[in-house]
2 protein chains.
Amino acid sequence: MTRIMTVASPAQETVLFHADIENRSAPGRVVLVCEHASNHIPPQWGDLGLEAQARQAHIAWDPGALALARALSRQMDAVLVHAPVSRLVYDLNRAPDHPGAMPAQSEIYAVPGNAAVTAAERAARTAAVYVPFHDDLHIEIARRIALGLAPVLITIHSFTPIWHGVARAVEFGVIHDADDRLARHIVERSGSIGLHTELNAPYSAADGVTHTLRLQAGPYRLPNVMLEVRNDLLSTPLQSEAIAERLAPVLMAAVADLSEGA
Amino acid sequence: MTRIMTVASPAQETVLFHADIENRSAPGRVVLVCEHASNHIPPQWGDLGLEAQARQAHIAWDPGALALARALSRQMDAVLVHAPVSRLVYDLNRAPDHPGAMPAQSEIYAVPGNAAVTAAERAARTAAVYVPFHDDLHIEIARRIALGLAPVLITIHSFTPIWHGVARAVEFGVIHDADDRLARHIVERSGSIGLHTELNAPYSAADGVTHTLRLQAGPYRLPNVMLEVRNDLLSTPLQSEAIAERLAPVLMAAVADLSEGA
C-alpha cells in the first residue's frame, strides 16, 4: 500500500542535515567517510511509502558500515564523517542530477515516495541533505590540506551478500576512481587478511558509485579509495570490530606506501 | 617599513567571509564567478604590511573584473558569485596548500604580512575565507544541477598590461582546464569582437590558475572556462560595460554551441 508522505516545499524547508563528525581532532592523514551510515528518514519525508522491513533493509543504508568505520576511526586515529539521513532521502554518493540520488527503485524494492520527485523537491533535498554533508566534509579536508597533513580519503561501505537473487563471492571490494594509487597498494597488501578481496568489485566507478571520491578528493588530487565489505561479515559490533582489526594495518601500510612511491 | 598585523588564532576566529551573490534567481545556465573582485582586507589582517598604493594595485585584486562580471550578469541573465576579500588574504583560485593562496611575493611586491604564515594561520584563513566562498558557490551550482538547469561555470578575471616590465599584447584570454569544450567554442566565435584573443594566455592551467574550475566544475563535468581581460580595457564602468556588450553575445552563442555538439 502506498502511503502519502509530506514533503516540505523549498520555501518551508529550513532544516539542514549536517554531517555527524567523530574524532575531529585526530592527527592521522586519513579522512574516513560513511555516506550510507544511517537509515533515518526525517519526519518531513514520512516513510517514503515503505514498510518497516524495507526501511531496515540495505536499500536504506549500508548495515554495519558505521560500526566498521567507527572501529577504523579509533584504530587508525582518523576523523570520521558520516551521514545522518538515509540514502533513500538522498544518496550522498550521487550527484544531484543522478537518478540514484533519490532512487525510485532500489534492487527489488520500489520506493513510492521517490516515484515522482519534482525538480523543486530534488533541489530541496539537495539543499537540505547533500550540500550540508559535503560542505562539512569539505571543511575537514580543506583544514587538513591547509595544515599540511596531506589527507587521504577513504569511504566505507557495505554490500549485500545476495543481489537480485545471486550470491556474491567477494568479501572485500576495493574501488577506485581516476586515481588508483591507494587502491592498488591496498590490494597488494591484502593477501594476509583472510578475505576474498577484489579490485573494483562488486562494482566500479563505471557504475557511478565514486561521486564522493570525485567531488572531495579529485580537485585536490588526494589519494582516495572506496572500500566495500560484505555485510554478513558486519552483523554485530564485535564482528565489525574484528574486521576493522584486520583491515586497519593493511590500510595504514597502504597509506605509508603512498609516501614511498612519491 | 614593515608593519605588524594582528592575526586572530583559529580559536578566536569566528567571522566567516561569505561570498557576495547577485542575481541569484537568474534562470540562465551560466554561473559567473569573480574570485578577485575585491581588494578589501578585513581589520583582523591589518594591512598585511603594505602601503596604500600596493593595496590598490592588481596584486590585491583584478581591477575592473567585478564591473565586467556585473555587466555580464545583467546581459546574460546569470547569477554572479564574487569574493568579499582581497586575494592577498586568500586567493580563492588556489588550493589551501598552494603557496599562491597567501602569496609572500606577488609580481614586484613583497607582502610582509604573508612572509611567515604559520600552519595555524593558513588553516584559519582557509576556514574564514576559502571554505565559505567555495561552499556558497557549491550551493548555487548544486541547486542548478538538481533543478536540471545544466549549469556552465565561467570565471571572470583581469590581468595587468605590463608584467615584470613586459607589455602583454593579448587583450582577451580564454583559459581551460581539462575540459576545453567551452573555451574552444568561445575562441572560434571571437573573430568579430575586435579584441586580440588567445587560448590559454596570458597563462594556462599549467600555471595552477584553474583551481575554481577544477573544484567546482570538474566533479560534475560541467562545461567551464576562465576568462581574462586586460585591465586597461576595464578602466571605467563604461568601458567594462562596453566590453561586456562585446563578450556577452559570444559567450551566449558558445554556450549554445555546447548543446549543438551534445
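Residues numbered from 1 in each chain as written. Chains lettered and ligands numbered in written order. Predicted model: local features only at pLDDT ≥ 70, side-chain atom pairs only at ≥ 80, totals over all residues.

K.L.:
Any chance you could explain the overall build of chain A here in plain terms?
P.N.:
The number of helices and strands found in chain A is six helices and eleven strands. Relative to its length of 262 residues, chain A is compact, with a C-alpha radius of gyration of 18 Å against a globular reference of 18 Å. When its C-alpha atoms are laid out on the principal axes, chain A stretches across 55 × 45 × 30 Å. For chain A, the proportion of contacts with a sequence separation of at least 24, taken over those separated by at least 6, is 84%. (Helix = DSSP H or I, 4+ residues; strand = E, 2+ residues; numbered from the N terminus. Rg over C-alpha atoms; globule rule 2.2 N^0.38 Å. Contact = placed C-beta atoms within 7 Å.)

K.L.:
For this particular structure, what's the right way to read the nonpolar core?
P.N.:
Generally speaking, soluble globular proteins have nonpolar side chains that are buried together. Membership of the largest hydrophobic core comes to 155 residues, with the highest contact counts inside it found for Leu-32 and Leu-68 of chain A together with Leu-32 and Leu-68 of chain B. Those residues in contact with Leu-68 of chain B, other than ones at most four positions away along the chain, are Ile-156, Val-229, Leu-234, Ser-240, Ile-243 and Ala-244 of chain B. (Core = buried A, V, L, I, M, F, W, Y, C linked by C-beta atoms within 7 Å. Buried ≥ 20, exposed ≤ 12 C-beta atoms within 10 Å, placed from the backbone.)

K.L.:
Sorry if this is basic, but what is going on with the sheet that holds strand β6 (residues 152-159) of chain A here?
P.N.:
In sheet architecture, strand pairing relies on hydrogen bonds along the backbone and comes in two forms, parallel and antiparallel. All names here are of chain A. In spatial order, the strands read β1-β3-β2-β6-β11-β9-β10; together these seven strands make up an open sheet with mixed pairing. Single-partner strands in this sheet number two, and they are β1 (20-22) and β10 (197-199). Sheet twist, expressed as the mean angle between neighbouring strand axes with direction ignored, is 20 degrees. (Pairing = 2+ DSSP bridges. Axes fitted to C-alpha atoms, helices over the stretch in contact; angles between N-to-C directions.)

K.L.:
It is not clear to me how unusual backbone geometry should be interpreted in this structure. Could you clarify?
P.N.:
Trans peptide bonds make up the majority, and among non-glycine residues the majority have a negative phi. Residue and element names in this part refer to chain A. Here the residue pair Ala-201 and Pro-202 is connected by a cis peptide bond, since its omega of 5 degrees sits within 30 degrees of zero. Within the fold, Pro-202 resides in the loop between β10 and α5 (211-217). Here the phi dihedral of Ala-150 falls at roughly 50 degrees; this positive angle occurs in a residue that is not glycine. On the secondary structure map, Ala-150 appears in the loop between α3 (119-146) and β6. On the basis of neighbour count, Ala-150 is assigned to the partly exposed category, with 15 C-beta atoms found within 10 Å.

K.L.:
So what exactly am I meant to see when it comes to the environment of Val-30 of chain A here?
P.N.:
In this fold, Val-30 of chain A is placed in strand β2 (residues 30-34). Taking the C-alpha atoms as reference points, Val-30 of chain A and Asn-231 of chain A, 201 residues apart in sequence, are found 23 Å from one another.

K.L.:
I tried to follow the interface of chain A and chain B on my own but got confused; where do I start?
P.N.:
Between chain A and chain B, the contact holds 24 residues from the first and 24 residues from the second. The set of elements that each furnish at least two residues to the side of chain A that touches chain B consists of α3 and α5 of chain A. A total of 14 residues in the side of chain A that touches chain B trace back to one element, the largest contributor, which is α3 of chain A. Residues of the side of chain A that touches chain B, tallied by class, amount to 15 nonpolar, four polar and five charged. (Nonpolar A, V, L, I, M, F, W, Y, C, P; charged D, E, K, R; others polar.)

K.L.:
Can you help me understand the relation of the copies chain A and chain B in this one?
P.N.:
Relating the two copies of this chain is a rotation about some axis coupled with a shift parallel to it. Each copy of the sequence occupies a distinct position, and chain A is placed on chain B by a rotation of 180 degrees and an axial shift of 0.0 Å, giving an RMSD of 0.0 Å. Within this description, the copies of the chain are treated as partners about a two-fold rotation axis. Judged by C-alpha distance, Asp-135 of chain A is the residue of chain A that lies nearest the rotation axis, at 3.0 Å. Most of the interface of chain A is mirrored in chain B, where 100% of its interface residues are also at the interface. (Least-squares fit on C-alpha atoms with pLDDT ≥ 70 in both.)

K.L.:
Explain the sheet that holds strand β9 (residues 172-175) of chain B here, please?
P.N.:
Residue and element names in this part refer to chain B. Taken in spatial order, the seven strands line up as β1-β3-β2-β6-β11-β9-β10 in an open sheet, and their pairing is mixed. Among the strands making up the open sheet, the edge pair consists of β1 (20-22) and β10 (197-199). When the angles between neighbouring strand axes are averaged without regard to direction, this sheet yields 20 degrees. Sheet topology places strand β2 (residues 30-34) next to strand β6 (residues 152-159); four bridges connect them, and they run parallel. Bridge pairing in β6 places Val-33 opposite Thr-155.

K.L.:
What exactly am I supposed to notice about helix α3 (residues 119-146) of chain B here?
P.N.:
Owing to its 3.6 residues per turn, the α-helix brings residues three or four apart onto one side. Residues and elements named next belong to chain B. Along α3, the largest kink reaches about 40 degrees and is centred on Thr-126. Within α3, 23 of the 28 residues are buried, leaving the element largely enclosed by the surrounding structure. One or two steps after α3, the chain reaches Gly-148, where phi turns positive at roughly 75 degrees. (Bend = angle between axes of the 7 residues up to and from the residue.)

K.L.:
Sorry, what's going on with the environment of Asn-200 of chain A here?
P.N.:
Residues and elements named next belong to chain A. Along the chain, Asn-200 turns up in the loop between β10 and α5. The exposure class of Asn-200 is partly exposed, given the 19 C-beta atoms found within 10 Å. Separated by 75 residues in sequence, Asn-200 and Arg-125 have C-alpha atoms that sit 30 Å apart.

K.L.:
Any chance you could explain the packing of α3 of chain A against α3 of chain B here in plain terms?
P.N.:
Helix-helix packing is described using two parameters, namely the angle between the two axes and the distance between the axes. At a minimum axis distance of 9 Å, the contact between α3 of chain A and α3 of chain B shows a crossing angle of 155 degrees. Overall, the two elements α3 of chain A and α3 of chain B adopt an arrangement that is roughly antiparallel. The way α3 of chain A lies across α3 of chain B gives a crossing that is right-handed. Contacts from Arg-122, Ala-123, Thr-126, Ala-127, Tyr-130, Val-131, Asp-135, His-138, Ile-139, Ala-142, Arg-143 and Ala-146 of chain A in α3 of chain A reach Arg-122, Ala-123, Thr-126, Ala-127, Tyr-130, Val-131, Asp-135, His-138, Ile-139, Ala-142, Arg-143 and Ala-146 of chain B in α3 of chain B. (Parallel < 35°, antiparallel > 145°, perpendicular 65-115°, else oblique. Left-handed = near helix turned anticlockwise from the far one by under 90°.)

K.L.:
Is there a simple way to think about the pairing of β6 of chain B in this case?
P.N.:
Two faces belong to every sheet, and in a regular strand the side chains alternate between them. Residues and elements named next belong to chain B. In β6, alternate side chains face the same way, and those of Val-152, Ile-154, Ile-156 and Ser-158 on one face and Leu-153, Thr-155, His-157 and Phe-159 on the other are all buried. Two elements, β6 and strand β11 (residues 224-230), share seven bridges in a ladder whose sense is parallel. By the bridge assignment for β11, Ile-154 is matched with Val-225.

K.L.:
Would you explain the confidence of the model for chain A in this entry?
P.N.:
If pLDDT is low for a region, its predicted coordinates should not be looked at in detail. Averaged over all residues, the pLDDT of chain A equals 93, while 94% of them reach at least 70. Two numbers describe this predicted complex: its pTM, 0.93, and its ipTM, 0.91. (pLDDT = per-residue confidence, 0-100.)

K.L.:
Help me understand the environment of Leu-48 of chain B, please; the structure alone is not making it clear to me.
P.N.:
With respect to the helices and strands, Leu-48 of chain B occurs in the loop between β2 and α1 (52-56). Here the alpha-carbon distance between Leu-48 of chain B and Asn-114 of chain B, two residues 66 residues apart in the chain, equals 6.9 Å.

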